[in-house]
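One-letter residues, chain by chain:
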Amino acid sequence: MSDKKFKQYIWELPVRWCHWVNVLSIVVLAATGVLIGNPVFIGSSTDAYLMGWIRFIHFVFAYAFLVSVITRMIWTFTGNCYAGWREYFPFMGAAGRAEMKEVFDYYTFRSKHPPETTGHNPMAATAYFGVFCLYWFMILTGFAMYAEHAPGGTMHSLLKPVYVLMTTQTMHLYHHLVMYLIFGFVINHVYSAWLMDIKEKGGEISSMFSGYKFTTSPYAVCKSRLWDFFPWKSKK
Amino acid sequence: MDREGKEKQKKEGFSVARMLEERGVSRRDFLKFCSTVTAAMALPATMAPKVAQALDKVQRPPLVWLEFQDCCGDTEALLRSANPTVGELVLDILSVDYHETIMAAAGHQAEANLEKTVKEFQGKYLCVVEGSIPMKEGGAYGCVGGKSHLARARQVCGSAAATIAVGTCASYGGIAAAAPNPTGAVGVKEAVPGATVINLPGCPCNADNLTAVVVHFLTFGKLPSLDSHGRPLFAYGKRIHDNCERRPHFDAGQYVEHWGDDAHRKGHCLYKMGCKGPATFHNCPTQRFNEKVSWPVAAGHGCVGCSEPQFWDTSPLYRRLPNVPGFGIEQNADKIGLAFAAGVGGAFAIHGAMNALRKDKDGASENQKDGEE
Amino acid sequence: MAKIVVDPITRIEGHLRIEAEIEDGKIKDAWSSSTMFRGIEKILKGRDPRDAWYWTQRFCGVCTTVHSIASIRAVEDALKIKIPPNAQLIRNIIIGIQGVQDHVIHFYHLHALDWVDITSALKADPVKTASLAASISDWPNNSATHFKAVQEKLKAFVGTGRLGPFANAYWGHPAYKLPPEANLMATAHYLEALEWQKEVIKIHAILGSKNPHPQTFLVGGMSIPVDPDSQNALNADKLITIKRLLAKAQDFVEKVYIPDLLAIASFYKDWAAIGGGVGNFLSYGEFPDPISGNLWFPPGAIMNKDISKVLPLDQQKVTEYVDHSWYEYQDGQGKGLHPWKGESEAKYTGPKPPYEFLDTDKKYSWVKAPRYDEAPMEVGPLARILVAYVAGHKESKAAVDLVLGKLGVGPAALFSTLGRTAARGIDALLIARQTPVWLDALIANIGKGDYRIHANEMWDPKTWPAEASGYGWHEAPRGALGHWIKIKDQKIYNYQAVVPSTWNASPRDAKGQRGPYESALVGTPVAKPDQPLEILRTIHSFDPCLACAVHVTDATGNELVRVKVS
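Residues numbered from 1 in each chain as written. Chains lettered and ligands numbered in written order. Predicted model: local features only at pLDDT ≥ 70, side-chain atom pairs only at ≥ 80, totals over all residues. Heavy atoms only, no water.

Student: Break down the overall build of chain C for me, citing the residues and quoting the values.
Tutor: Counting its secondary structure elements, chain C contains 16 helices and 16 strands. Here the C-alpha atoms of chain C give a radius of gyration of 23 Å, agreeing with the 24 Å that 2.2 N^0.38 yields for 566 residues. Over its C-alpha atoms, taken along the principal directions, chain C stretches across nearly 70 × 60 × 60 Å. Counting the 566 residues in chain C, one finds 69% classified as buried. Long-range pairs, those at least 24 residues apart, make up 75% of the contacts in chain C with a sequence separation of at least 6. (Helix = DSSP H or I, 4+ residues; strand = E, 2+ residues; numbered from the N terminus. Rg over C-alpha atoms; globule rule 2.2 N^0.38 Å. Buried < 20%, exposed > 50% of the residue type's maximum accessible area, 1.4 Å probe, protein only. Contact = heavy atoms within 4.5 Å.)

Student: Give me the interface of chain A and chain B: which residues, what numbers.
Tutor: Interface size is commonly expressed as the accessible area that is lost once the parts come together. At the interface, 52 residues of chain A touch 54 residues of chain B. Summing the contributions of chain A and of chain B, the shared interface buries around 4600 Å²; its carbon and sulfur component is 58%. Of all residues in chain A, the largest losses of buried area upon contact with chain B belong to Phe-109, Gln-169 and Tyr-180 of chain A, amounting jointly to 16% of the total for that side. Linking chain A with chain B are zero salt bridges. (Buried area = accessible area lost by both parts, 1.4 Å probe. Salt bridge = Lys/Arg side-chain N within 4 Å of Asp/Glu carboxyl O.)

Student: So what's going on with the interface of chain C and chain B? Residues and values would help.
Tutor: At the junction of the two partners, chain C supplies 100 residues and chain B supplies 104 residues. Summing both sides of the interface, chain C and chain B together bury roughly 8600 Å²; the carbon and sulfur share of this comes to 57%. The tally of links between chain C and chain B comes to three salt bridges. Those elements that provide at least two residues to the side of chain C that touches chain B are strand 1 (2-6), helix 1 (40-44), helix 2 (52-57), helix 4 (85-111), helix 6 (144-159), helix 7 (180-200), helix 8 (202-208) and strand 4 (217-218) of chain C.

Student: Just give me the short version of the packing of helix 4 of chain C against helix 9 (residues 236-267) of chain C, but keep the residues and values in it.
Tutor: How two helices pack is summed up by the angle between their axes together with the distance between the axes. Residue and element names in this part refer to chain C. In the contact formed by helix 4 and helix 9, the axes pass within 11 Å of each other and the chain directions differ by 35 degrees. The two elements helix 4 and helix 9 meet at a crossing, and its hand is left-handed. Of the residues in helix 9, those in contact with Ile-93, Ile-97, Val-100, His-103, Val-104, Phe-107 and Tyr-108 of helix 4 are Ile-242, Leu-246, Ala-249, Phe-252, Val-253, Val-256, Tyr-257, Asp-260, Leu-261 and Ile-264. Of the residues that constitute the contact of helix 4 with helix 9, the class distribution is 15 nonpolar, one polar and one charged. (Axes fitted to C-alpha atoms, helices over the stretch in contact; angles between N-to-C directions. Left-handed = near helix turned anticlockwise from the far one by under 90°. Nonpolar A, V, L, I, M, F, W, Y, C, P; charged D, E, K, R; others polar.)

Student: Before we move on, can you summarise the environment of Gly-203 of chain A with the specific residues and values?
Tutor: Residue and element names in this part refer to chain A. If you trace the backbone, Gly-203 turns up in the loop between helix 7 (168-200) and helix 8 (204-210). Placed 10 residues apart in sequence, Gly-203 and Ala-193 show a C-alpha to C-alpha distance of 9.6 Å. Setting aside chain neighbours within four positions, we find Gly-203 in contact with Asp-197 and Tyr-212.

Student: Lay out the pairing of strand 15 (residues 479-488) of chain C in plain terms, naming residues and giving numbers.
Tutor: Residues and elements named next belong to chain C. Of all 10 residues making up strand 15, eight are buried, and the element is well covered by its neighbours. Summarising the sheet, strand 14 (residues 467-476) and strand 15 pair through 10 bridges and their orientation is antiparallel. Looking at the pairing, Ala-476 lines up with Gly-479 of strand 15. Where strand 15 lies against strand 16 (residues 491-498), seven bridges are found, and the strand directions are antiparallel. Bridge pairing in strand 16 places Trp-484 opposite Gln-496. The turn linking strand 15 back onto strand 16 is made up of two residues, and Asp-489 within it adopts a positive phi angle of 50 degrees. (Pairing = 2+ DSSP bridges.)

Student: Describe the packing of helix 2 (residues 50-78) of chain A against helix 4 (residues 122-147) of chain A, naming the residues involved and giving the relevant values.
Tutor: Residues and elements named next belong to chain A. Interaxial distance between helix 2 and helix 4 falls to 11 Å at its minimum, and their mutual angle equals 140 degrees. Put simply, helix 2 runs oblique to helix 4. The interaxial crossing formed by helix 2 with helix 4 has left-handed handedness. On helix 4, the residues that touch Phe-59, Ala-62, Tyr-63, Phe-65, Leu-66, Val-69, Ile-70, Arg-72 and Met-73 of helix 2 are Phe-132, Tyr-135, Trp-136, Ile-139, Phe-143 and Tyr-146. Considering only residue class, the contact of helix 2 with helix 4 consists of 14 nonpolar, no polar and one charged. (Parallel < 35°, antiparallel > 145°, perpendicular 65-115°, else oblique.)

Student: Any details on the sheet that holds strand 14 of chain C? Residues and values, ideally.
Tutor: Residues and elements named next belong to chain C. A sheet is described by the order of its strands in space; here three strands give the open sequence 14-15-16, paired in antiparallel fashion. With partners counted over all chains shown, the strands left at the sheet margins are strand 14 and strand 16, one partner each. Each strand axis lies, on average, 15 degrees off the axis of its neighbour in the sheet, ignoring direction. Most of the contacts of helix 3 (residues 66-79) go to strand 14, to which it runs at about 145 degrees, and overall it touches strand 14, strand 15 and strand 16.

Student: Break down the sheet that holds strand 3 (residues 26-34) of chain C for me, citing the residues and quoting the values.
Tutor: Residues and elements named next belong to chain C. With antiparallel pairing, three strands are arranged side by side in an open sheet as 1-2-3. The open sheet has two edge strands with one neighbour each: strand 1 and strand 3. Along the sheet, successive strands turn relative to each other by an average axial angle of 20 degrees, direction set aside. Summarising the sheet, strand 1 and strand 2 (residues 16-23) pair through five bridges and their orientation is antiparallel.

Student: Let's hear about the packing of aromatic side chains: which residues, and what values?
Tutor: Overall, the coordinates contain 59 aromatic pairs over all chains when judged by the stated rule. With centroids separated by 6.3 Å and ring planes inclined at 65 degrees, the aromatic side chains of Phe-41 of chain A and Tyr-255 of chain B adopt a geometry described as edge-to-face. Highlighted residues: Phe-41 of chain A in the loop between helix 1 (13-37) and helix 2 and Tyr-255 of chain B in the loop between helix 14 (247-252) and helix 15 (262-266), drawn from two different chains. The exposure class of Tyr-255 of chain B is buried, given its relative accessible area of 5%. Residues Phe-59 of chain A and Tyr-146 of chain A carry aromatic rings whose centres are separated by 4.6 Å and whose planes lie at 55 degrees to one another, so their mutual orientation is tilted. (Phe/Tyr/Trp six-rings, centres within 6.5 Å; stacked < 30°, edge-to-face > 60°.)

Student: I'd like a rundown of the pattern of salt bridges, residues and numbers included.
Tutor: Inspection of every chain in the model, using the stated rule, returns 47 salt bridges over all chains. Ionic pairing is found between Asp-29 of chain C and Arg-508 of chain C, a salt bridge with its closest N-O pair at 2.7 Å. Of this pair, Asp-29 of chain C sits in strand 3 while Arg-508 of chain C sits in the loop between helix 13 (500-504) and helix 14 (516-521); the two residues are 479 residues apart in sequence, bridging distant segments of the chain. Judged by its relative accessible area of 14%, Asp-29 of chain C is buried. For Arg-508 of chain C, a relative accessible area of 8% corresponds to the buried category. A single salt-bridge network, built from bridges that share partners, covers Arg-239, Asp-242, Arg-247 and Asp-251 of chain B.

Student: Kindly report on the confidence of the model for chain C, identifying the contributing residues and their values.
Tutor: Residues and elements named next belong to chain C. Mean pLDDT for chain C: 90, with 96% of residues reaching 70 or above. A low-confidence stretch, residues 551-566 stays under pLDDT 50, and its non-local contacts, those more than four residues away or across chains, total 67 contacts. Of the two predicted TM-score estimates for the complex, the pTM is 0.90 and the ipTM is 0.90. (pLDDT = per-residue confidence, 0-100.)

Student: If you had to explain the environment of Asp-359 of chain C to someone new, which residues and values would you point to?
Tutor: When you line up the elements, Asp-359 of chain C lands in the loop between strand 12 (345-346) and strand 13 (369-372). Separated by 262 residues in the primary sequence, Asp-359 of chain C and Ile-97 of chain C have C-alpha atoms spaced 41 Å apart.

Student: Tell me what's going on with unusual backbone geometry, and back it up with residues and numbers.
Tutor: Here the residue pair Cys-203 of chain B and Pro-204 of chain B is connected by a cis peptide bond, since its omega of 0 degrees sits within 30 degrees of zero. With respect to the helices, strands and loops of the structure, Pro-204 of chain B is situated in the loop between strand 9 (197-200) and helix 11 (207-220). At the junction of Asn-211 of chain C and Pro-212 of chain C, the peptide bond is cis and its omega measures out at 0 degrees in the coordinates. You can see Pro-212 of chain C is positioned in the loop between helix 8 and strand 4. Positive phi is not limited to glycine here, since Ser-209 of chain C has a value of about 80 degrees. Locating Ser-209 of chain C in the fold gives a position in the loop between helix 8 and strand 4.

Student: Could you give an account of helix 7 (residues 107-120) of chain B, with specific residues and numbers?
Tutor: One full turn of an α-helix is made of 3.6 residues, so residues set three or four places apart face in the same direction. With 14 residues, helix 7 of chain B should cover 20 Å at 1.5 Å per step; its first-to-last C-alpha distance of 20 Å lies within 8% of that length. Within helix 7 of chain B, the full set of buried residues consists of Gly-107, Gln-109, Ala-110, Glu-111, Asn-113, Leu-114, Thr-117 and Val-118 of chain B. In this structure, the buried residues of helix 7 of chain B make contact with strand 1 (62-67), strand 2 (95-99), strand 5 (143-144) and helix 8 (149-158) of chain B together with strand 1 of chain C. (Expected span 1.5 Å × (residues − 1).)

Student: Lay out a nonpolar patch on the surface with the relevant residues and their values.
Tutor: All names here are of chain A. Together, Trp-20, Val-23, Val-27, Trp-194, Ile-198, Ile-205 and Phe-209 give the surface a local cluster of nonpolar side chains, amounting to about 650 Å² of exposed area. Only helix 1, helix 7 and helix 8 provide two or more residues apiece to the nonpolar patch. Sort the elements by how many residues they give to the nonpolar patch and helix 1 lands first, with three residues. (Patch = residues over 30% accessible without salt bridge, like charges linked within 9 Å, V, L, I, M, F, W, Y side chains within 5 Å. Areas by Shrake-Rupley, 256 points an atom, 1.4 Å probe, with all protein chains shown as cover.)

Student: Summarise helix 4 of chain A; cite the residues concerned and give the values.
Tutor: Here helix 4 of chain A spans 37 Å end to end across 26 residues, near enough to the 38 Å set by a 1.5 Å rise per residue. The N-terminus of helix 4 of chain A is capped by Asn-121 of chain A, whose side-chain oxygen sits 2.8 Å from the backbone nitrogen of Met-123 of chain A. (Polar contact = N/O pair within 3.5 Å; in protein donor to acceptor, adjacent residues only side chain to side chain.)

Student: Just give me the short version of the state of the cysteines, but keep the residues and values in it.
Tutor: In protein chemistry, a disulfide is the covalent bond that joins the sulfur atoms of two cysteines. Residues and elements named next belong to chain B. The full count for this structure, using the stated rule, is zero disulfides over all chains. In this structure Cys-157 is a free cysteine whose sulfur lies 4.0 Å from that of Cys-127, the closest cysteine sulfur available. With no disulfide of its own, Cys-169 lies closest to Cys-203 among cysteine sulfurs, the gap being 6.1 Å. Accessibility expressed as a relative area gives 14% for Cys-169, which makes it buried. (Disulfide = S-S within 2.5 Å.)

Student: Which residues make up the side chain of Arg-231 of chain B, and what values go with them?
Tutor: Residue and element names in this part refer to chain B. Its place among the elements puts Arg-231 in the loop between helix 11 and helix 12 (233-236). Looking at Arg-231, its side chain comes within polar contact range of the side chain of Glu-308, at 2.9 Å. Setting aside anything within four residues of it in sequence, one finds Arg-231 in contact with Tyr-172, Asn-199, Pro-201, Ser-225, Leu-226, Tyr-236, Phe-281, Ser-307, Glu-308 and Pro-309.

Here you go:
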């Protein structure tokens, strides 16, 4: 194995932007959300509008989060292969599954070889797929609750299936609970990034700012293609 | 009135206006009443003449009121119906042929009244249902005259012009349908899917809303527009929270923390005492109860969300969120969520510690030798 | 021997069925059956005890406050909470007006048509009616013009040929004995009472947001804030409205209800010898003093019509049997269980609907058979007034002696259908006069600067002991009501309500002792078996409230949390 590391441009600008907008929105949404659920503050007078502002911030960041999530999803079809949608289903191909096992073994101390991945590591990518589902759950329930201020409005009509599936109280409950699942993901994510940064020596964390990672093998920057659905090909 | 007039009246049946006149209600009062119901139905004021016209023509359509697994609360609400002189009479505009709580007849003779109406006015009478319908044990959990509630509902609601489910029990199963639903109780629409049903949930339903639905039906010959839970938009089209007189205190961040504290006395927001106004669609703040005297929030107790489906299982009175399914009652979402997050954090802390101790083969050791560039 | 069935018994709350065997124009034996079951006590298991009042309130929408009161008292007893004086007084006012309004509705709208033939009112002379009314009361509406207007309305209504709720009743039955004028007077007051009842009950709306089902009760107090300087709390304006409504209530009872009751009763004195019942009476007492906690109506029991003494009560003596009820006990039937240990699983063994008759030799009702010291007990206004009378309660004694004097009968006449109906009137009168006293006490206490309405110390379930049990008694309009609760780990572990109509509508127990309805019906004459008006009279004299009466508990503490996503 060569010790030489190659500097590669992996994370394009929209990917990085979306990532950090998500980070900021999740932090702000969680903080304001917790306060909305349990207002520990005390408004000094009736014109204070404290809860009003907190809810306003929550809604502004909800829109920011929505735009970010949608942008990132569009980019899975237009960005490079590391941003591509196929990244999120590594378990669909034999090579991907093999890679996943490698990473899994390392995580569970069964192997001593830190796996090297150029883009997402397949375990992480699978988790991201799950997290995107949670994002959409939060977006749908969140906006469904938000739209109740104007029943019959466009947003309320668009979200009708959500009201059929859940009562408002149920939405409140699960919107609240899923926040904790996202907390769990964040803990995992930050820890894994830190771990892989150390173990892979690929500049994992700084890559989220610069876009560059260091890898042991040179390769051409790839393009994701929409029609390239099957068969599954390893990106190597 | 001359003899001929009387004969004519007998032939044509009753008109509401004439009846009210006989009861000492002037034309002026009648028109005033019509504007009131028009407003209750959230129709434009220009509709009031049409309402008056329609009521003028109505010939006391028959109405039967069935009580199943009920507490009689909606009947009592009807007795308190809001417009003091006329509200009551609106029910007189109907021929209430069957209502166990108020009718004079009993036993077989009462049952005969019901059968007569169902037969003679097939597809033309209105049916009001109070209480849920038990589906288990072949209907033995509820019988009248030896017949199960389900059998009666199928027969009577099935051939009614429309069925008005009053109260949360008749609408969605209500209290009897709360977990573990020992009797398999369901609402009318679920028990008789073929029937035309309008839901007026609430515990009990507001009699003003019932009156408004009946008048709407008589005026336009059809039921008002409904939301996805089968409730008329004129009464359930907005959240309690959005019409609440205490909303400014919510936005300001002024909340009652203890019963009887300063904020409670000053009428601050009851959000932290478990008020379900933000999750409940109903016109309580505007329509109020007992001739608009009051409503729960105005009297210092939070909304419990009684007009929402499954509210019994999802609206603990004094806590904001429902219980988390599958956990004990004291396990709220925050406790479970924090435990989960702490668990994840702890797991990775251990993982991290183990990683700090372990030696990787091709990664760490080899790269260390000549990895510097 | 003919067996007849009256199902539904109308003009009551709930679903009641009576089966009776008639021999020689008299009822030889009778069976009372409730035909509706919801299982609310089972549903209550595992829930927050602070919420229980709201659930149990839905036992009944007619006696719409009573289960809330009993429930919060049970939890307060279990947790040893003492509520502030304001809360106690507000509860007394709510209980008071509930009792008065409920009795008037019962008399005019649920019971009167058993005695009053509306169709006969058409033949009355309004002028004579006015003089009859004037001879018994100075009520301002008792004018010939008013009675004529009522008669005209009635004529117009009957003229349509569509009688609605009045169709096909037992009109013209030989057991109706009132002259047309008395019938017209009662019919006019039937309509007036309909207006009156929704006015006076606004007191519940002021103190508790709405009626039926006021939403204001809290474990530890009440949720209506008190502050004369706030527009969002109980202030002078609201208190004075309550005062005005209480005066209106008292006025109607004194000038309309009681005179009508006496007038109608004087035509039906033979009913003072019919419908006696079990002869055992139970009253839990009511209206606690805000400071001492002493009850204004004294509690106690009277056995075997022995009005020489009142026995003190012991809540441990209350048991329930299921030998003739559609439930199962784990250790088999044949013995009664105290409500704290009250267990049962619903098990329907009756005929598959539709059915003609129930198998009354076996199990035949959803009502259990409660017994006090192994005896069936009658509860209600009669029991309450008898106990108070014998215990020497000043106000009760005066009122009972007055009514008995006017009717020219002795105390023994009280053990009857008529006695039950008269006692209800006396009860309404006493409460209507006493409730303003509680209001004055409340005003005085607020005047002293005491605005407390809730004892907060035990509000948070974290402050509770791991296990607690308590019971709450309330002398409801329909009689002795008790809720028993066991709390474990801040949850309801067991909940049992033994309510007035459970006592009165009780089926037979293990020994085959009849319940009060059943006993009272035995010996009742039935002139026309196909039109058993007499059965309605006796049953209605108890003021049945069947939705309340049917319960079930479950011995295993199931977790009950469900969020159905449909």
